[in-house]
Amino acid sequence: MVLKGNNMEKIYLDYASGVPIDSRVFEFAKPYLIKKFGNPSSLYNDGVEAKNAVEESRVKIAKFINAEDEKTIIFTGSATESNNLAIRGTAFRNISTGKEVLTSAIEHISVINCMKDLQKNGFSFSIIPVDSFGVVDLKKLEDLITKNTIVTSIMYANNEIGTIEPIKEISKIVHEKGNYLHVDAVAAAGRIPIDVQKDGIDLLTLSSNDLYGPKGAGALYVKKGVKIQSVLLGGGQERGLRSGTENVFAIVGMGDAANTAMKEMKNESNRLLKIRDKLISEITKIDQTYLTGHPIKRLPHHASFRFSYIEGESILLNMDMYGIQIATGSACSHKTLEPSHVLLSIGLKHEEAHGSMVITLGKSNNLSQVPIIVKAVKETVNRLRKLSPLVK
Amino acid sequence: MAQVGYSKKVMEHFMNPRNVGVIKNPDGYGKIGNPVCGDLMEIFIKVKDDIITEIKFKTFGCGSAIATSSMVTELAKGKHVDDAMKITRGDVADELEGLPPHKMHCSNLAADALHEAIKNYKNKKKK
């Protein structure tokens, strides 16, 4: 086995976990780190300049998701914070309407933990199951939703299995019976077009970093008329919904990143789709190897698999020796040692859920990397299967 | 500073594990863990005059599960079975220059699988 050398070209395949800031975006936002450092709440020139930059960014984010106007955009510090504000902010504000909340079985942990916390606070919390491709069961949604359901939270697309949810249909059901639909669009935004008005979304979570913007900014779209309260108390920035001095650099970068994504997404997604399809067709040729998630209703940059008889953290470490960085939903890569709730929810057995590999593509990837990746995956799977007592 | 990730020694044993395989008709056999939990280890030993002359393992599990299996076979090879029984999880982790805290249970499994194989040998010997 060859161990990695310093001159090996690294191949990064984990864009769902971390994304480099686009250098154009960095140049655009850089002045707000050093020269234009004013606090947007200050009334002298430097403050006004910073405030204007934040407002320009707000307009760009609104356009990016076709929001009715920029006042619907609230900047936060992260997608986790946006999810907290959306769910806890609407639940507590509308407590007189009902005390029910609803979410799917495959949501991000920040959504699930908000729901669990509401449950501790007297709300009733139900989980909508998904099918074996990870698509939300619309019939179950209809059964579970009532007029007392304040907020239903369903992600636009799943980060671990790439499945795109039928948001328009979900919106129809939610609005026929219940109240607000919150959509976590972190995995989908910048990969597929999102239109909050056409899709019928009341609250939408975005992350800056996932758009090639700086870490440290997120946004929440709050449709006009949605009743919501803050979860952070302080100076009342962001229409009172997110107190705390604005991270101007990250917000300006997020706006520019969204603007760039709007212009380049179509071409970039088509480019990544070709790489994705080639990877899927080659990797699923390996014996006892299966695609996870939906084969068609799938994010264009996303390829996820499971391999029988081997464990995901071993796959990750072994691939890293080839300089190839992938993700896994394996229990052993997490501190909790619990297998991925997403993989269990699509019906995988525990031992199957342990053997997963997630590839999320981005700007640094190209078709010429495919044979290198496929070769490394084949050798990794073969080597680990030789060690495995489950292979008889 | 708290340990982040795996030591070089763990990675070296993960990438180049010693004593991989099975022994047909072993004098002792131990199996610990469960694929449901994400770890399964099998250890096979050949014993002559109470000395472990040959030892092999197969492991399904994470990087530290594979590295600890490899290390425990290295530690036990050539030892008297009574001395090999005294190999602890701590010994395995120390020889690997430490394991992250949430991975310590892996070293436990490796030592347990070895102990199971030795117990199995001793039981067979009684009969």
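Here, every reference points to the structure presented above.
Residues numbered from 1 in each chain as written. Chains lettered and ligands numbered in written order. Predicted model: local features only at pLDDT ≥ 70, side-chain atom pairs only at ≥ 80, totals over all residues.

Asker: So what's going on with the packing of helix α1 (residues 8-15) of chain B against helix α2 (residues 63-76) of chain B? Which residues, and what values?
Answerer: Residue and element names in this part refer to chain B. In contact at an axis separation of 8 Å, α1 and α2 are set at 85° when each is read in the N-to-C sense. Taken together, the axis directions place α1 and α2 in an arrangement best described as roughly perpendicular. Facing V10, H13 and F14 of α1, the residues of α2 in contact are G63, S64, I66, A67, S70 and M71. For the contact of α1 with α2, the class distribution of residues is five nonpolar, four polar and no charged. (Axes fitted to C-alpha atoms, helices over the stretch in contact; angles between N-to-C directions. Helix = DSSP H or I, 4+ residues; strand = E, 2+ residues; numbered from the N terminus. Parallel < 35°, antiparallel > 145°, perpendicular 65-115°, else oblique. Contact = placed C-beta atoms within 7 Å. Nonpolar A, V, L, I, M, F, W, Y, C, P; charged D, E, K, R; others polar.)

Asker: Tell me what's going on with the interface of chain A and chain B, and back it up with residues and numbers.
Answerer: Opposite the 21 residues of chain A that make contact, chain B presents 18 residues. Where the side of chain A that touches chain B is concerned, the elements lending two or more residues are α9 (312-320) and α11 (350-353) of chain A. For the side of chain A that touches chain B, the leading source of residues is α9 of chain A, giving three residues. By residue class, the composition of the side of chain A that touches chain B is 12 nonpolar, five polar and four charged.

Asker: Which residues make up helix α6 (residues 167-177) of chain A, and what values do they have?
Answerer: Residues and elements named next belong to chain A. Within α6 the residues assigned to the buried category are I167, I170, S171 and V174. Relative to the axis of α6, the buried residues are bounded by an arc of 100° and lie together on one face. Turned more than 90 degrees away from the buried face of α6, the exposed residues are K168 and E176. Its buried side turned inward, α6 meets α5 (138-144), β5 (149-153), β6 (180-184) and α7 (196-199). (Buried ≥ 20, exposed ≤ 12 C-beta atoms within 10 Å, placed from the backbone. Arc of directions from axis to C-beta.)

Asker: Residues and numbers for the sheet that holds strand β9 (residues 289-291) of chain A, please.
Answerer: Residue and element names in this part refer to chain A. Taken in spatial order, the three strands make up an open sheet running β9-β10-β12, and their pairing is antiparallel. In this open sheet, the two edge strands, each paired with only one partner strand, are β9 and β12 (356-360). The average angle at which neighbouring strand axes cross in this sheet is 25°, direction not considered. As paired strands, strand β10 (residues 302-307) and β12 are joined by five bridges and run antiparallel to one another. (Pairing = 2+ DSSP bridges.)

Asker: So what's going on with the pairing of β5 of chain A? Residues and values would help.
Answerer: When a strand is regular, its side chains alternate between the sheet's two faces. Residues and elements named next belong to chain A. Judged by how many residues are buried, β5 sits mostly within the fold: five of five residues are covered. Pairing geometry for strand β3 (residues 100-104) and β5, over four bridges, is parallel. Of the residues in β5, the one forming a bridge with T103 is S153. The sheet contact formed by β5 and β6 spans three bridges and is parallel. For S153, the partnering residue across the bridge sits in β6 and is H182. Following the backbone out of β5, through α6 and into the adjacent parallel β6, one traces a crossover that is right-handed. (Right-handed = clockwise from strand over helix to strand, strands pointing away.)

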